[in-house]
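Results of the structural survey
The chain contents come next:
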Amino acid sequence: VLVYNATHHWLLNSISIEGRGIGLAISPTGDTLYVIRYTTANPGDTTGNYFLRVLDTQNLNQPGNDIALASGSLDNPPQVIVATEDGSGRAYVLDPNVTPEKKVIIWNAGAASKFANDVNAGADPRAIAVSPDGVWLFIAEATDT
């Protein structure tokens, strides 16, 4: 992860996430960075492990905490988003590789605990969005129904 000064576009820091960066989101207050990372046991493997890494932006030199997600291929990776205006800092993680039911996991700020029960995401979820106020969660389904 590369960290830039948004005003002057200067590179301030780089953070090793020990794997391939797949997606990221930041809390509304800017104090927590959520990163989806992917690792494989051997180069060339077609299936690997996904993690949600939670980083404190006030101390980016710390490695952060990893939460294991379901293993899968790079074809349909997990996604992380946050509501921007509700102030809760909740992170919404689409985990499309869970079997038998795909799910969205809703975490409280900093992902220390779950906010609510997991949401069933359908047979073939491909994207998620949350309204700025955190009231509505949208899941794009790839399967014709």
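In case you missed it, the structure is sitting above this.
Summarised in this report is the structure supplied together with it.

Parameters at a glance
Residues numbered from 1 in each chain as written. Predicted model: local features only at pLDDT ≥ 70, side-chain atom pairs only at ≥ 80, totals over all residues. Heavy atoms only, no water. Helix = DSSP H or I, 4+ residues; strand = E, 2+ residues; numbered from the N terminus. Buried < 20%, exposed > 50% of the residue type's maximum accessible area, 1.4 Å probe, protein only. Contact = heavy atoms within 4.5 Å. Core = buried A, V, L, I, M, F, W, Y, C linked by side-chain atoms within 4.5 Å. Salt bridge = Lys/Arg side-chain N within 4 Å of Asp/Glu carboxyl O.

Bringing the environment of Ala123 into the picture now. Among the structural elements, Ala123 can be located in the loop between β10 (119-120) and β11 (125-130). Residue Ala123 is classed as exposed on the basis of its relative accessible area, which comes to 56%. Sequence separation between Ala123 and Pro100 is 23 residues, and the spatial gap between their C-alpha atoms is 8.9 Å. If we skip the residues at most four places from it in the chain, Ala123 touches Lys102, Glu141 and Thr143.

Turning our attention to the nonpolar core. Counting residues in each nonpolar core, the largest one holds 16 residues, and the members touching the most others are Tyr34, Leu52, Val80 and Trp107. Where this core is concerned, the elements lending two or more residues are β4 (32-39), β5 (49-56), β7 (79-82), β8 (91-95) and β9 (103-107). Sequence-distant contacts of Trp107, that is, excluding residues within four places in its chain, are made with Leu52, Ile67, Arg90, Ala91, Val93, Ser113, Lys114 and Phe115. Residues Ile81, Leu94, Val104 and Ile106 belong to the second largest nonpolar core, which totals 9 residues.

Quick look at the pattern of salt bridges now. All chains considered together, the criterion is met by 7 salt bridges. Measuring nitrogen to oxygen at the nearest pair gives 3.1 Å for the salt bridge that ties Glu18 to Arg53. On the criterion of sequence distance, the pair formed by Glu18 in the loop between β2 (11-14) and β3 (20-26) and Arg53 in strand β5 is long-range, its members being 35 residues apart. The buried category is assigned to Arg53, whose relative accessible area is 3%. Of the charged contacts in the structure, one is a salt bridge between Asp118 and Lys114, with a shortest N-O distance of 3.3 Å. For Asp118, a relative accessible area of 28% translates into the label partly exposed. It is possible to trace a salt-bridge network through shared partners that takes in Glu18, Arg37, Arg53 and Asp66.

Geometric descriptors of this kind do not, in isolation, establish any biological role.
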